[in-house]
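# Chains, contacts and geometry: an overview
Given next are the chains, with one letter for each unit.
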Amino acid sequence: MADSLVKIYHKNSLANSEKLELLRNLSFNEVNNLELSLKYADELIALSQLEKNYLYLHRGYYQKGNKNRLRGDLDKALNAFFKSVEAAIKAKFIIGEGVAYMSIADVYSIMGNADNAEIYYNKSIHLLRKTDDSISLASALLNAGDEYSKNKRYNLALKYFKESSIIFDNADYLIGTAYSLGNIGMVHAKLGNNNLAKAYISKAVKILEKLKDYYAISEYLSYMSDIYLALNDWETSLSYAKRSLNLAQKYGLKEQISNANLKLSQLYQKTGNMAASFSYYKNHIAYRDSLTNLKSMQQMADIRTNYEVSQKQTEVDLLEKDSEIQKLKDKRQQNIIYITAISLFLVLVITIGFYRRYKFVKKTNSIIEEEKNRSNNLLLNILPEETALELKKNGKVQAKKFESVTVLFTDFEGFTNYAEKLPPEKLVESIDYYFSEFDTIMEKYNLEKIKTVGDAYMCAGGLPFPTGDHAYKMTLAALEIARFVDISEELITQNQTHFKIRIGINTGPLVAGVVGIKKFSYDIWGDTVNIASRMESNSEPGRINISEHTYQIIKNDFDCEYRGEIEVKNKGMMKMYFVNDSITQ
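Residues numbered from 1 in each chain as written. Predicted model: local features only at pLDDT ≥ 70, side-chain atom pairs only at ≥ 80, totals over all residues. Heavy atoms only, no water.

## Let's talk about the overall build of the protein chain
For clarity, the cut-off: Numbered from the N terminus, helices here are DSSP runs of H or I no shorter than four residues, and strands are runs of E no shorter than two. Here a residue-residue contact requires only that any non-hydrogen atoms of the pair lie within 4.5 Å. Computed with the Shrake-Rupley method and a 1.4 Å probe, the accessible areas treat only the protein chains shown as cover for residues.
Looking only at helices and strands, one finds 23 helices and eight strands in the protein chain. Residue pairs at least 24 apart in sequence account for 61% of intrachain contacts in the protein chain once pairs closer than 6 positions are excluded. Element-wise, carbon and sulfur atoms account for 53% of the exposed surface of the protein chain, whose accessible area totals about 33800 Å².

## Re the pairing of strand E8 (residues 572-582)
The condition that has to hold: At least two bridges found by DSSP between two strands are what make those strands a pair.
Inspection of the sheet shows strand E6 (residues 544-547) paired to E8 by three bridges, in the antiparallel sense. Among the inter-strand pairings, Ser547 is bridged to a residue of E8, identified as Met576. From the end of strand E7 (residues 558-568) to the start of E8, which pair antiparallel, there are three residues, and Asn570 there has a positive phi angle of about 65°.

## Some details on the packing of aromatic side chains
What counts is decided by this rule: Between 30 and 60 degrees the pair is tilted, below 30 it is stacked and above 60 it is edge-to-face, where a pair is any two Phe, Tyr or Trp rings, Trp via its six-membered ring, whose centres lie within 6.5 Å. The buried label applies to any residue whose accessible area, calculated with a 1.4 Å probe on protein chains only, is under 20% of its type's maximum; exposed applies above 50%, and partly exposed to all values in between. By definition here, charges over rings are those cases where NZ of Lys or CZ of Arg is within 6 Å of the ring centre and within 35 degrees of the ring normal.
Taken as a whole, this structure holds 25 aromatic pairs when the rule is applied. The interplanar angle of 80° and the centroid separation of 5.7 Å between the aromatic rings of Phe82 and Tyr120 together place this pair among those described as edge-to-face. Placement of Phe82 in helix H5 (residues 74-90) and of Tyr120 in helix H7 (residues 114-128) is noted, with a sequence separation of 38 residues between them. On the basis of relative accessibility, which here comes to 16%, the residue Tyr120 falls in the buried class. With a centroid separation of 5.3 Å and an interplanar angle of 80°, the aromatic rings of Tyr433 and Tyr434 are classed as edge-to-face. According to the relative accessible area criterion, Tyr433 is partly exposed, its value standing at 31%. Looking at Tyr434, the relative accessible area reads 0%, which means it is buried. Positioned above the aromatic ring of Tyr200 is the side chain of Lys203, whose terminal nitrogen or guanidinium carbon lies 5.8 Å from the ring centre. For the cation-ring pair, Arg543 lies above Phe578, with the distance from its terminal atom to the ring centre recorded as 4.1 Å.

## Concerning the nonpolar core
Put simply, the test is: Nonpolar cores are built from buried Ala, Val, Leu, Ile, Met, Phe, Trp, Tyr and Cys residues. Side-chain atoms within 4.5 Å join them into one set.
Ranked by internal contacts, the top residues of the largest apolar core, which has 37 residues, are Ile104, Ile125 and Tyr160. The set of elements that each furnish at least two residues to this core consists of H5, helix H6 (94-111), H7, helix H8 (134-150), helix H9 (154-170) and helix H10 (174-191). Sequence-distant contacts of Tyr160, defined by excluding residues within four places in its chain, comprise Asn122, Ile125, Leu141, Ala144, Gly145 and Tyr148.

## A short note on H9
Filter applied, for reference: Multiply 1.5 Å by the residue count of a helix minus one, and that product is the helix's expected span.
Between its first and last C-alpha atoms H9 spans 24 Å; for 17 residues at 1.5 Å apiece the expected length is 24 Å, and the two agree. Tyr154, Leu156, Ala157, Leu158, Tyr160, Phe161, Ser164, Ser165, Ile167 and Phe168 are the residues of H9 that are buried. Lining the buried residues of H9 we find H7, H8, H10 and helix H20 (424-444).

## Concerning unusual backbone geometry
Leu463 connects to Pro464 through a cis peptide bond whose omega is 0°. Within the element layout of this structure, Pro464 appears in the loop between strand E3 (456-461) and helix H21 (470-491). Residue Asn232 is not a glycine yet carries a positive backbone phi of 65°. Within the secondary structure, Asn232 sits in the loop between helix H12 (214-230) and helix H13 (234-250). You can call Asn232 exposed: its relative accessible area is 72%.

Laid out in structure tokens, this is it:
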């Protein structure tokens, strides 16, 4: 493809958008020579700037970013992708903007910057949901899920992988479906759900075998080996590891050859077959270092050549000297060798001592850090981060007043009747199903879960750190909760209980703090909380009822339906509104 395009390029018969499209295709299809591909991308950028064609300016910077990422120049790649975003915005090309954000997130992920990666994956997904480019949306979800999986946020990873799988299926995009299924399997493997992991990975491998994507197959086979090893089925684990190695060797996949050899080395080590383990480990090292060793071997060859030439010249010089000088030189050389050998031995002994001490200190620090993180995580599951820090520092927490906080209450319609008829275990299982998803939604919008009381769920936005968009985010979260409950009513099996939900929201000042001296509980108080509760009790099943205070803040962002003034217990007549949908969606 690249060769045929080059012929058209050299004829120089195209102009305007046709030449821009030719340069884009040349940069995209030139896969063997990255420098040449970058040259085409720069020419595309220059011509697009000259013609003020922002669509192709976006595409030029996007190609430049991709090629620099392949070269390993991540800073240059990031710079190009950001310029690609700017051009896409000027061209009002939402798909391009979303895809460029995804590439920015990919680079941050490679760099290990998880926070930035998550920010730009969310930007990409938010934009691509507004378009009809389902493949790009599913790809962004897949990559974001992979980032969550790397950071051990497995629930979010599974959620994104499942959504990407559905989209790829609907688009009949088999390779995307395979990667989604395989990644779901890998998450289940990490969670110890070995049967589910086997099922998903097996489905992925079947699809990839048809598509001849041997790199991914080899990686998934290696994961299958891990699964069976966890089940203590050593023979099956070994067979999968060998299949992974054979496939990688057949198609020359050096990275997978290295990984498969390492896996086999570990398996044989567990059985005490140290000879086989050592043999596979040597192969792992050889393939791991093969690319870098090419350069090292060349450097070593040059050093050796220079050394041999100098040695020959030394021999010629020595022949011209008398035997007495030769003996003195030999003795001196011998002394140098002895001194060097002794010095090297002492350095080796000292190095081993320092290395062992380093390993011991590192292991000890790792254990301490792990226990510290576990304690911090347990505390953060109970209290907001700022409150937890204050409690650790002072041993107590001062109550704090917030001028503007948005409070949300939910309640399940007819829960009391269900509670009287259902076994307690089934009731708790159903409540947990809903509240677990509510927790995920709160985390997504950086809102604070306060507590649950029976079937009531209470959360707040704008604390412990005051923000300016808490009412907006809380309303988005409420819409998502309502949609989830509606969808769940269709998806839940006959054995699972489903409910209808009422939601109420109010915004205003309140006081927050920790009560008690044991089993700490973070809570909020004030008239704002009471009104939010009244908004929920005066709502209707499946609807979001908000107060006048909240309506005045969000009315430009959401489609709201005025209900009139309604009698509220202990509050008199109050204006209320139903939220129907987001105007911006």
